[in-house]
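Structural description and commentary
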Amino acid sequence: MKKLLYIESSPRKQHSISIEAAHKFLDFYMQAHPTDEVITLDLWQEELPIFDGDVIAGRHALMQGLSHTEAQRKAWRQIESFIQQFRRADKYLFSVPMWNFSIPYRLKHYLDILIQPSYTFSFSPQEGFQGLIKGKPVLVIYARGGSYPEGTPAAGMDFQKKYMETVLRFIGFEDIRSIVLESTAGGDGVRKKLLDEVQSDLRSKLHDF
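Notes on the structure in this doc start here. (Residues numbered from 1 in each chain as written. Predicted model: local features only at pLDDT ≥ 70, side-chain atom pairs only at ≥ 80, totals over all residues. Heavy atoms only, no water.)

Applying the stated criterion to the full structure yields 16 aromatic pairs. Linked through ring pairs, F121, F123, F129 and F170 together constitute an aromatic cluster. Over the ring of W44 we find R106, and its NZ or CZ is 5.8 Å from the ring centre. The ring of F28 has R203 lying over it, and the distance from NZ or CZ to the ring centre is 3.9 Å. (Phe/Tyr/Trp six-rings, centres within 6.5 Å; stacked < 30°, edge-to-face > 60°. Lys NZ or Arg CZ within 6 Å of the ring centre and 35° of its normal.)

So, in C-alpha cells, the structure goes:
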C-alpha cells in the first residue's frame, strides 16, 4: 500500500476549479489503486508554525551546523512534524490557484516549512545543493484566470508554475507532472468545459504514478 499526500491550497473549496480537478484525479487514482491511502492536507485548516523567535534561530543553527538549544528544539518539533508527514508519503498531488501571478501565501508558508537543510536538501562545498526527496512522483494542478502561453510576453508574468517547479526540483523531485487550467474566469459554462477537456489529461498522468 502506497501513501499519496494531497496538498490543497485554495480556500474557495466547492468554488475552486483546481480543487475540483484534483478531486477528479483522485477518483481516477483510487480506481487504479484501490488499496492506497490518500491523505489530504488542507493548508487553510492547518495551524502552520510561524517563523520567528526560536524557530528561525533553530533554522540558522542547522545551517551553521550548530546544536539546537532546548527552546529551539521544542519550537522545531512543529517544523519536523510537517516535514515527517511530507517525507513519509510515496506520491504527491498539489492543487494550486494563481494569486497575483504567483501562489497562495499559505502554500508559500508550507513550502518554507518543508525546505530545511538536512531534511529535504543538503549542501557541501564539493557537491553544492542536493535535494533529498528522490524517486517519487508529484502532480501539480494549476488554475489561473488568465492565459500565459510560452513564448509570449504574458509568460514572463507566470511565477506560479515556475516557482513550484523550481522548489520541487530543489528538494529532489525529478518526476514532476503538471496540468494547467487557464482562462478559468468565465462562469460555470467555462468551468465545465475546461474540466471536461482535461479529463483525458488527468487519466494520462496516472501512468507509472
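What follows covers the sheet that holds strand β1 (residues 3-8). Across the sheet, which stays open at both edges, the five strands sit in the order β2-β1-β3-β6-β7 with parallel pairing between neighbours. In this open sheet, the two edge strands, each paired with only one partner strand, are β2 (37-42) and β7 (175-181). On average, each strand axis in the sheet is inclined to that of its neighbour by 15°, with strand direction left out of account. Bridge analysis of strand β3 (residues 91-97) against strand β6 (residues 137-143) gives six bridges, and the strand direction is parallel. Note on β6: the bridge partner recorded for V96 is Y142. Strands β6 and β7 of the sheet are contacted by helix α6 (residues 187-204), whose axis makes an angle of about 165° with β7. (Pairing = 2+ DSSP bridges. Helix = DSSP H or I, 4+ residues; strand = E, 2+ residues; numbered from the N terminus. Axes fitted to C-alpha atoms, helices over the stretch in contact; angles between N-to-C directions. Contact = heavy atoms within 4.5 Å.)

This part is about a nonpolar patch on the surface. A cluster of nonpolar residues, F101, M157 and F159, forms a patch on the protein surface that exposes about 270 Å² of accessible area. Residue position: F159 is located in the loop between β6 and α5 (161-170). Classification of F159 by relative accessible area gives partly exposed; the value is 47%. (Patch = residues over 30% accessible without salt bridge, like charges linked within 9 Å, V, L, I, M, F, W, Y side chains within 5 Å. Areas by Shrake-Rupley, 256 points an atom, 1.4 Å probe, with all protein chains shown as cover. Salt bridge = Lys/Arg side-chain N within 4 Å of Asp/Glu carboxyl O. Buried < 20%, exposed > 50% of the residue type's maximum accessible area, 1.4 Å probe, protein only.)

One pass over the full model with this rule turns up 15 salt bridges. Here E70 ties to R73 by a salt bridge, and the two come within 3.0 Å at their closest N and O atoms. Highlighted residues: E70 and R73, both in helix α3 (residues 70-88), separated by three residues, approximately one helical turn. For R73, a relative accessible area of 39% corresponds to the partly exposed category.

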